[in-house]
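# A structural walkthrough
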Amino acid sequence: MISKRFISMFSIVMLLSSCIGVNADMVLRANGSGSITLEYRVSQFLESLGKLDGNENWPLIPVGRADFERSVQRIDGLKLVSFASKKQEPDVVYTVKLAFSTLDALVRFLDATSNHAVLTREAGKTRLSLTLSRGKDIDPELLSLFTSVSQPYSIALSLSTPNNAALSVSGDIAGVSIVPNGRKVSFSAPLPALLKQGTSATVDIQWQ
């Protein structure tokens, strides 16, 4: 039997993860190197929880400079170019730029949470698949709370390539916006749509 304590901790984690928006802008060169610029919008309430006595070294959401420095140390071919943060009511906005020397380094960074980013190469084409939601069932009352908390936030990503790329999305996501073809393709969706009961969402980008 799952304990009530486990359910409580799971609820807290889900609630906290609903208080952050992410924008990822990736630029790819012909040799496979490039850069990724990330913007995290984190609720000031969530950010302040990580500053309570005894919690300073264990932030609830890993968006601090030290977190990215650890990623750079762990992943060959990844470099921290810049890091900045500012308060923009009601959030704290973190802007991070990373450079990668290979696509494999980029994917290792994107896949830090395991099985969310997959790179495949076949017949001269490269495909990057990003899983944004796995469609897990959530208690309806908790889902209503998460949806309410996440209203101001969205998930967005883009990829610029030397040649034309194609982007597609699997999953029934309300409010999704995409640029499906061109040298810069993009995807964005409101976070509540990705939290919807039973919703699974994968973004596939393919280029030569």
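The structure displayed is predicted, hence computed values, not measured ones.

As a further point, take the overall build of the protein. Counting secondary structure elements, the protein contains six helices and 10 strands. Counting across all 208 residues of the protein, residues that qualify as buried make up 38%. Counted over contacts in the protein with a minimum sequence separation of 6, partners at least 24 positions apart contribute 60%. Surface accessibility of the protein: about 11900 Å² in total, with carbon and sulfur atoms responsible for 53%.

Position of Leu-132 among the secondary structure elements: in strand S6 (residues 125–134). Leu-132 sits in the partly exposed class, given a relative accessible area of 26%. For Leu-132 and Ser-200, which are 68 residues apart along the polypeptide, the C-alpha to C-alpha distance reads 7.5 Å. Sequence-distant contacts of Leu-132, that is, excluding residues within four places in its chain, are made with Ile-155, Phe-187, Ala-201 and Val-203.

Before going further, it helps to spend a moment on unusual backbone geometry. Along the chain, Glu-89 connects to Pro-90 via a cis peptide bond; the corresponding omega equals 5°. By the secondary structure assignment, Pro-90 is in the loop between strand S3 (78–88) and strand S4 (91–100). Backbone geometry at Ala-123 places phi at a positive 55°, although glycine is not the residue there. For Ala-123, the position within the fold is in the loop between strand S5 (117–122) and S6. Take Ala-123: its relative accessible area is 76%, and that puts it in the exposed class.

To continue, consider the packing of aromatic side chains. Per the counting criterion, the structure on display carries four aromatic pairs. A ring pair is formed by Phe-68 and Phe-109, whose centres lie 6.3 Å apart and whose planes are at 40°; its orientation type is tilted. Of this pair, Phe-68 sits in helix H3 (residues 65–74) while Phe-109 sits in helix H4 (residues 103–110), placing them 41 residues apart in sequence. Across the pair, Phe-109 and Phe-68 agree in class, each one buried. Geometrically, the ring pair formed by Phe-83 and Tyr-94 is tilted, given 6.1 Å between the ring centres and 45° between the ring planes.

Here the protein shows a mean pLDDT of 79. Residues at 70 or above account for 69%. Across the protein, the element-wise mean pLDDT spans from 41 in helix H1 (residues 4–17) up to 96 in strand S8 (residues 177–179). For residues 50–60, every residue scores under 50 in pLDDT, and the model assigns this stretch 10 contacts once sequence neighbours within four places are set aside.

How each quantity is defined
Residues numbered from 1 in each chain as written. Predicted model: local features only at pLDDT ≥ 70, side-chain atom pairs only at ≥ 80, totals over all residues. Heavy atoms only, no water. Helix = DSSP H or I, 4+ residues; strand = E, 2+ residues; numbered from the N terminus. Buried < 20%, exposed > 50% of the residue type's maximum accessible area, 1.4 Å probe, protein only. Contact = heavy atoms within 4.5 Å. Areas by Shrake-Rupley, 256 points an atom, 1.4 Å probe, with all protein chains shown as cover. Phe/Tyr/Trp six-rings, centres within 6.5 Å; stacked < 30°, edge-to-face > 60°. pLDDT = per-residue confidence, 0-100.

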